[in-house]
Each structure stands twice: as C-alpha cells, then as structure tokens.
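A structural walkthrough
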Amino acid sequence: MSSIPDDLRYSKDHEWVRMEDEFNGVCGITDHAQEMLTDIVFVELPQVDMEVGVREQVAVVESVKAVSDVYSPVSGRIIGVNTQLEESPELINDDPYGKGWIFKIEVKHPKELEDLMDAAAYSEYVESGA
Amino acid sequence: MTKRTPLYENHRELQAKFVDFAGWELPVMYTGIVEEHNATRKAAALFDVSHMGELMIRGRGAVALLARLLPTRLDKLGPGKTMYSMFCNDRGGVIDDLFVYMKGPEDYMLVVNAATKEGDCSWIRDHMVTGAELIDMSDEIAKIDLQGPASPIIAERVLGDPSVREMKRFAFGTFGFQGHEILVSRTGYTGETGYEMYVPGDVASGLWNELLAGGQGEGIKPAGLGARDTLRLEACYSLYGHELSTDISPVESGLSWVISSDESYIGREVLTGQLAQGAPREHVVFELEGRGIPREGYIIRRGGQEIGTVTSGTFSPTFQKGIGMGLVARGTATVGDAIEVVIRDKPAVARVARRPLYQFGGQRKQ
C-alpha cells in the first residue's frame, strides 16, 4: 500500500500539492505514481516564471522504460523548481512527498484546490485501479 | 485473450508486474529493472521467455529447405551447435531473426520470435520442399534463460553435471532434470555468459524454482522483459520490429555477416547487391553526451540536417547515460561523430560509438 499523507490535495494524474500559505504550493508526483514508474532516471523541469493552466503539462519524468508527463494540478505561475532532481532523479522514488518535490507554484485561483481530491478520495481512486 | 506461460503462477508469487507482449502476459519486472539488470551483469538472473517459438524442421529435405530460407552458410553448423540467422524476403527485408539448432543432419530446431511465429510457419510452408516437415512445438516447450557470470556454477549445481560448465559458446546439449530431458545451450541475449534452457511445460516450474534456490548464494534474481531490453541494448543486439523488419535489411541493420551462403536462398540478389554496393541506410550505435534518454522514433540529425531515426533507446544502468541504436542515411555518420537526437523538440548531443557498447562478458569496448 502506497503512502498518502492527509495534508495534501491530489489530482487524477497522480500529482500532489501542499499549500505553504494561501497562494503558494509545492507539487510533485505521488508515492503510487513513483511505484508504478519505478527507477526514475531523468527529470525535465519546467521554466521558472512560466504561467500554467490546470492539467497543463509542466515536467517530464522518465523511468528506464517509460516517459511520463507531469501536469500542474492547479493554474498559476511556476516560482521554483527542484534542481537537485537533475543530478538525483531517484529522490522522487526515495521521498516523493519530501526531497522529491518537483516545482513550486503561485496559485492563481485557490478555489481550484477544491476540485482536487483529499487523501481519502485519492486513496479510493488509487484502489479503484486508476 | 492473452496467453500465459507455465510459469505464470511462479511470477505471481514473486509479485511480478506484468505487461502484454506479443499477445502474452509476461513479467516486465519483479523488484526493479535496474536491480535486475545489475544482478545479470554481476551475478545471475533468470528470465522466462517461454513465449518464444520452437519450430522443428525434420526429414531428408530439411537441409534443402533451410538452404532456401537462410542467407547464412549451413556448414557453420554441426550437431550440437547453434547459429544466428534470419528469414529474408525477396526484397531483402527480414521476416524474422532466429537461432538454428542442429540436432542431427535431418533434425533442426528454429527458435523464433513470438509475434512473428505464425508468419514464419506460413513462410516455411510456402517454401516447403519434398522430404521436409515442419512441427510447431512452441506450446509444449517452455524456455528459461539463466544469464550472468555466476550462471555456469549455478547450472552445474542444479543439473548435477560438470560438463555444463565446460560448454563452449553457441554449443548445446541435453541434460537430465528430475527424470526429464532438457535442452541447454550456451547462448543468450544479455551480453553475459549464460544458458538458454528448453524444457517441457510441466517441468518448467520445478526447474525455475531449483535455479532460484540453487543460485541464492550467488545472488540470483528473477528478471523481466524490462531488464532484458536494457541488457540487450547495451550489448547492441537487434530486436525484431525495431532494428529489423520487412522494411530493414540485415545489411542496413549492421548484420551483413549473416549473409554468407552460396546457395540460391530467397533474397540473395538484393542482399549480395547491398553487400557489394551498400544499402540506402546504415545502423549506428550512440551514447548521449549529456542528460536525456533517447527513445524509439526520435529523429536523428547531424549538423541540423535530419539523417535518420532512433530504433531503440534507453537509460543504460551500466554506463549511467542514455544509449541507443538508430538507422541513418548511408555515409552520414560514422564512429566518433557527434550527432543530435531530438528529444521533445530539443536536440541532445550524442556520439556515434563502436558496436557493441558492452563487450560480451566484460566491459566497454575501447
């Protein structure tokens, strides 16, 4: 069973967002997503200052076998990226909710967070085989 | 309806992740591709490749039939020897690549790809000669590959026969296992020393478990198709449907050495013509200089000009960088040249390298 922390919001594409204050969030991919990918060996990060829409592709995560797009769970402006992932992409496997964060976003419409799943709903979503 | 091998339950117990491959439900990995890859390079790994086809060609017409179908000299073979070859069409395209096992002067086994097996059978029947017969034994035979430097000691322990350690590369023989006869060849698809074992379906599970138990001290691991692909790519072995197809000739895929027969085999005119004059395209092996992973279908450029495409690419666990093989217009890139692989619209610099990247049983070729 993969880990699903209670304090995060989750997207159907298996991204998470942790709000640090009302407008600033940190995003990454979930433990379930990294388990499905396994052995992450390459991460392509978004440009800082880029404006993104909901479910817009912002990053790419590659395992040995597969290329996987990462989407932004909310709309806003990218205000930071985890450059450590360029040298150590495996941080996503080791610590998907901590050192494996991918980007920080200034959220444009905090109301969009309500459209994301809480831990209980995401857990159900994962178990349903999505 | 996907097919399952006789080892399906063994894989489930080992918590394999499955993938649909050529209509078969096969393990893509157990614990992780990199871990399984490294186990094969440093110790040993076990692969279930029972999906592959085993076609028996028998009778006094067997040699005449094979001489018509294969571009490779048959006198390279002898009883107990195997060789790599392929079926080509009259345009020089490849219908399938395969291993030929000579059991006796009138008794041969062809090991073929799962996805192409039915087409192979039709092709053989279409060119059948008097006195030869084709028997498809694929449903009766399971195939287990034991690969890695510790393979000889594990094989000896499990088969209880020291002669298995002494076998030469591309040799095969029969060995006893729990009262059954199994065929074992010193061959493989990983770039490491090892064996391919052909066993009756109902014996497969017992042999699989014995090999895993027998190799525990050496650190044996079950390995899936994911590691099989990264291993064969480092060793620069072709995979049908990628480096070889009905649209790609053996000359174009860098396998000209299979064209050696003096018989009137199918495709001879085109193939010998390409040997003499060159083919429109040629095969390259390359390594990325920076970050990034080449994937099948990516465009290859040189000096901004498109010259070809990537046929297979991956992240190499051994060399810790992106590696790949590709098909480019003849004369556009040679060993040592810088090329660009276009990854998501951005060119990444790669260096054309000597084949193979990973030399058999050892290290990188310098």
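Nothing here was measured: the structure is a model prediction, and the numbers come from that model. (Residues numbered from 1 in each chain as written. Chains lettered and ligands numbered in written order. Predicted model: local features only at pLDDT ≥ 70, side-chain atom pairs only at ≥ 80, totals over all residues. Heavy atoms only, no water.)

Turning next to the overall build of chain B. Of the regular secondary structure elements, chain B holds nine helices and 19 strands. Computed over its C-alpha atoms, the radius of gyration of chain B comes to 20 Å, within 12% of the 21 Å expected for a compact globule of 366 residues. Dimensions of chain B along its principal axes, counting C-alpha atoms only, are 65 × 50 × 40 Å. Split into buried and exposed, the 366 residues of chain B put 58% on the buried side. (Helix = DSSP H or I, 4+ residues; strand = E, 2+ residues; numbered from the N terminus. Rg over C-alpha atoms; globule rule 2.2 N^0.38 Å. Buried < 20%, exposed > 50% of the residue type's maximum accessible area, 1.4 Å probe, protein only.)

Another point: the pairing of strand 2 (residues 15-19) of chain A. Residues and elements named next belong to chain A. In the sheet, strand 1 (residues 9-10) pairs with strand 2 via two bridges, with the strands oriented antiparallel. Each residue of the ladder has a partner; that of Arg9, found in strand 2, is Val17. In this structure, the hairpin formed by strand 1 and strand 2 is closed by a connection of four residues, where His14 is found at a positive phi of approximately 70°. Two strands pair when backbone bridges link them, and strand 2 and strand 3 (residues 24-29) are joined in this way by five bridges, in the antiparallel orientation. Within strand 3, the position partnered with Met19 by the bridge is Gly25. (Pairing = 2+ DSSP bridges.)

Residues and elements named next belong to chain A. If you trace the three strands from one edge of the open sheet to the other, you get 4-6-7, paired in antiparallel fashion. Each of the sheet's edge strands pairs with one partner strand only, and the pair in question is strand 4 (40-44) and strand 7 (67-71). Taking the axes of each pair of neighbouring strands and ignoring which way they run, one obtains an average angle of 25° across the sheet. By the bridge criterion, five bridges tie strand 6 (residues 57-63) to strand 7 in an arrangement that is antiparallel. (Axes fitted to C-alpha atoms, helices over the stretch in contact; angles between N-to-C directions.)

On to the sheet that holds strand 13 (residues 221-222) of chain B, then. Residue and element names in this part refer to chain B. The six strands are arranged 10-11-12-9-3-13 in an open sheet whose pairing can be described as mixed. Here the strands that pair on one side only, and so sit at the sheet edges, are strand 10 (172-177) and strand 13. Where strand 3 (residues 45-48) lies against strand 9 (residues 141-147), four bridges are found, and the strand directions are antiparallel. Bridge pairing in strand 9 places Leu46 opposite Leu146. Here helix 7 (residues 201-214) sits on the sheet in contact with strand 3, strand 9, strand 10, strand 11 (180-185), strand 12 (194-200) and strand 13, set at roughly 145° to strand 12. (Contact = heavy atoms within 4.5 Å.)

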